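These are the residues of each chain, in order.
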Amino acid sequence: MEIETPGQPERVGLILSGGAARGFAHIGLLRVIERAGIKVDVIAGTSMGAVVGAFYANGYDAETIYELAKKMSWRDVIDFSFGSGLFKGVKLHTFLAAHLPETFAELERSLVISTTDVETGQEVFIYQGDLITAVRASSCFPGAFEPVVFNGRTLADGGIVNNIPVNAAAFLHADFTIAGDATMARRASLAGTAEAGSWWARVTSGFKLERRSPMAQMLLRATDITSSILTELQYNLHPADLRVQYSMPHLNVEAFWAFEEIVAIGEWSALNVFVETGLLPPEVLAESNVPEKVKALTAAAAQTALLPDRKQASAKRASKTTPRG
């Protein structure tokens with residue numbers, strides 16, 4: 001279906017936030033969008049949202065993206081560096097080039113990538129020219145990947161300035177916008193990271209990104225809080241018509257080991273929002289094959305979610321549209 005208001009069909013924009021491993025939840029959102037029969041015209045993404053968005057803009061459906069991500073290993077994207085980031089990003093560039101066209105013009109859907117100029121602090125939109133370098137630049141999480149010099153600017157993760165670039169979708173004339181939000185929660189439980197398990201178990205689980213060291217926990221948690229506050233400020237300035245917040249406060253940005261759970265959380269979160277706003281019938285919740293554990297976790301997190309009025313406002317805006325099959 002297309003979403004329309006009286007007159008002519010609206011141009012639907014999809015905004016996919018950053019969130020590193022948490023960004024795999026966007027795949028679940030794409031599944032629900034496809035189930036609702038919504039045609040996406042414009043995509044805006046930053047960081048992991050830029051990666052998933054680029055694949056979707058190139059014509060890959062949700063299940064194809066899911067299979068590609070599931071088969072991807074660390075060896076496909078990781079190359080260590082001794083420069084301004086832990087990783088060079090060359091392997092990531094190669095992986096993207098193997099599955100995506102060289103330029104934005106070759107994509108099936110309009111796409112805008114949000115990045116940050118780390119010298120000026122400005123948000124930079126890229127929507128034409130070199131696609132692979134643009135996506136790679138937006139994926140350069142500070143300290144993890146080296147920034148990219150592109151068109152004379154030093155660019156890094158777009159989430160530094162704006163993790164949900166709704167304004168980027170408006171830049172490409174989207175009328176009705178759907179935002180997938182994988183931003184870390186402002187509130188989270190600081191589970192003990194040092195006391196459980198043997199010394200060797202703690203070391204190996206750290207290398208596998210299954211747990212943070214106490215020092216990394218505090219440093220990254222501070223970043224999470226700052227990002228959450230800044231994201232909310234930006235979102236209040238440029239709200240989407242429909243916002244899907246993925247309820248997973250127990251999963252950090254480096255939780256790549258929880259891929260299946262993250263995708264399921266994205267799908268279940270989106271299903272609930274689409275049902276609440278009338279874009280899908282209530283029966284889809286009972287028909288869903290999302291694991292019961294995920295449903296329970298999502299329900300518990302939703303009870304303590306920030307800004308519940310924002311979900312209500314999104315529902316009110318969505319209810320003003322008329323779905324057309």
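This text follows the structure it describes.
Participant: Whenever I open this one, helix 3 (residues 62-71) confuses me. Can you help?
Facilitator: What sets the pattern is the α-helix's 3.6 residues per turn: residues three or four places apart point alike. Turning to helix 3, its buried residues number three or more, namely Ala62, Ile65, Tyr66 and Ala69. Along the long axis of helix 3, the arc covered by the buried residues comes to 105°, so they all point the same way. On the buried face of helix 3, the contacting elements are helix 1 (25-35), helix 2 (48-57) and helix 10 (259-276).

Participant: I tried to follow the packing of aromatic side chains on my own but got confused; where do I start?
Facilitator: Applying the stated criterion to the full structure yields six aromatic pairs. Between phenylalanine 24 and phenylalanine 256 the ring centres are 6.0 Å apart and the planes differ by 75°, which places this aromatic pair in the edge-to-face class. Here phenylalanine 24 is found in the loop between strand 2 (12-16) and helix 1, whereas its partner phenylalanine 256 is found in the loop between strand 9 (242-245) and helix 10, with 232 residues between them in sequence. Residue classification places phenylalanine 24 among the buried positions, given a relative accessible area of 5%.

Participant: Before we go on, may I ask you to explain the side chain of threonine 133 in this structure?
Facilitator: Assignment of secondary structure puts threonine 133 in helix 6 (residues 131-138). Separated by 2.6 Å, the side chains of threonine 133 and aspartate 130 make a polar contact. Apart from residues lying up to four places away in sequence, threonine 133 is in contact with His93, Val148 and Phe150.

Participant: Would you take a moment to explain the nonpolar core for this structure?
Facilitator: Generally speaking, nonpolar side chains in soluble globular proteins are found buried as a group. Counting 74 residues, the largest nonpolar core has Leu14, Leu29, Leu96, Leu111 and Phe274 as its most contacted members. Among the elements that take part in this core, helix 10 stands out by supplying eleven residues, more than any other. If you look at the next biggest cluster of nonpolar residues, it comprises 13 residues, including Val42, Ala169, Leu172 and Tyr235.

Participant: Looking at this structure, I do not really get the packing of helix 2 against helix 3. What am I missing?
Facilitator: When two helices pack together, their arrangement is given by the angle between their axes and by how far apart the axes lie. Between helix 2 and helix 3, the shortest axis-to-axis distance is 10 Å and the interhelical angle comes to 130°. In terms of their interaxial angle, helix 2 and helix 3 are classed as oblique. When you trace helix 2 past helix 3, the crossing you get is right-handed. On helix 3, the residues touching Val52, Phe55 and Tyr56 of helix 2 are Ala62, Ile65 and Leu68. Partitioning the contact of helix 2 with helix 3 into residue classes produces six nonpolar, no polar and no charged.

Participant: Honestly, the environment of glycine 159 in this entry has me stumped. Any pointers?
Facilitator: Positionally, glycine 159 belongs in the loop between strand 7 (153-157) and helix 7 (166-171). A relative accessible area of 13% places glycine 159 in the buried class. Between the alpha carbons of glycine 159 and serine 138 there is a distance of 8.0 Å; along the sequence they are 21 residues apart.

Participant: Would you mind showing me how to read the side chain of threonine 183 here?
Facilitator: As for its placement among the helices and strands, threonine 183 is situated in the loop between strand 8 (176-181) and helix 8 (199-207). Of note is the side chain of threonine 183, whose polar atom sits 2.9 Å from the side chain of asparagine 163. Excluding anything up to four places from it in sequence, threonine 183 contacts Ser17, Gly18, Arg22, Asn163, Ile164, Ser227, Ser228 and Thr231.

Participant: Explain the pairing of strand 7 here, please?
Facilitator: Where a strand is regular, its side chains alternate between the two sheet faces. Judged by how many residues are buried, strand 7 sits mostly within the fold: four of five residues are covered. The sheet contact formed by strand 4 (residues 110-117) and strand 7 spans three bridges and is antiparallel. If you follow threonine 115 over to strand 7, its bridge partner there is aspartate 157.

Participant: What is the right way to read the pattern of salt bridges from this model?
Facilitator: It is possible for side chains of opposite charge to pair when their charged atoms get near one another. A full pass over the atoms with the stated rule returns nine salt bridges. Lysine 295 is the partner of glutamate 292 in a salt bridge, and the nearest nitrogen-oxygen pair spans 3.3 Å. Of this pair, glutamate 292 and lysine 295 are both found in helix 12 (residues 292-302), three residues apart, which corresponds to roughly one turn of the helix. Judged by relative accessible area, glutamate 292 falls into the exposed class, the value being 57%. Each of Arg31, Glu63 and Glu267 takes part in salt bridges that share partners, so that together they form one network.

Participant: I tried to follow the environment of valine 166 on my own but got confused; where do I start?
Facilitator: Of note, valine 166 is situated in helix 7. Accessibility expressed as a relative area gives 5% for valine 166, which makes it buried. Ignoring anything within four residues of it in the chain, the contact list for valine 166 reads Ile15, Thr177, Tyr235, His238, Pro239 and Ala240.

Participant: What's the story with helix 1 in this structure? I'm lost.
Facilitator: Taken across its eleven residues, helix 1 has nine buried, putting it largely inside the fold. All buried positions along helix 1 are accounted for by Ala25, His26, Ile27, Gly28, Leu29, Leu30, Arg31, Val32 and Ile33. Where the residues of helix 1 are buried, they touch strand 2, helix 2, helix 3, strand 8, strand 9 and helix 10. The first or second residue beyond helix 1 is glycine 37, which carries a positive phi of 75°.

What counts and what doesn't
Residues numbered from 1 in each chain as written. Predicted model: local features only at pLDDT ≥ 70, side-chain atom pairs only at ≥ 80, totals over all residues. Heavy atoms only, no water. Buried < 20%, exposed > 50% of the residue type's maximum accessible area, 1.4 Å probe, protein only. Helix = DSSP H or I, 4+ residues; strand = E, 2+ residues; numbered from the N terminus. Arc of directions from axis to C-beta. Contact = heavy atoms within 4.5 Å. Phe/Tyr/Trp six-rings, centres within 6.5 Å; stacked < 30°, edge-to-face > 60°. Polar contact = N/O pair within 3.5 Å; in protein donor to acceptor, adjacent residues only side chain to side chain. Core = buried A, V, L, I, M, F, W, Y, C linked by side-chain atoms within 4.5 Å. Axes fitted to C-alpha atoms, helices over the stretch in contact; angles between N-to-C directions. Parallel < 35°, antiparallel > 145°, perpendicular 65-115°, else oblique. Left-handed = near helix turned anticlockwise from the far one by under 90°. Nonpolar A, V, L, I, M, F, W, Y, C, P; charged D, E, K, R; others polar. Pairing = 2+ DSSP bridges. Salt bridge = Lys/Arg side-chain N within 4 Å of Asp/Glu carboxyl O.

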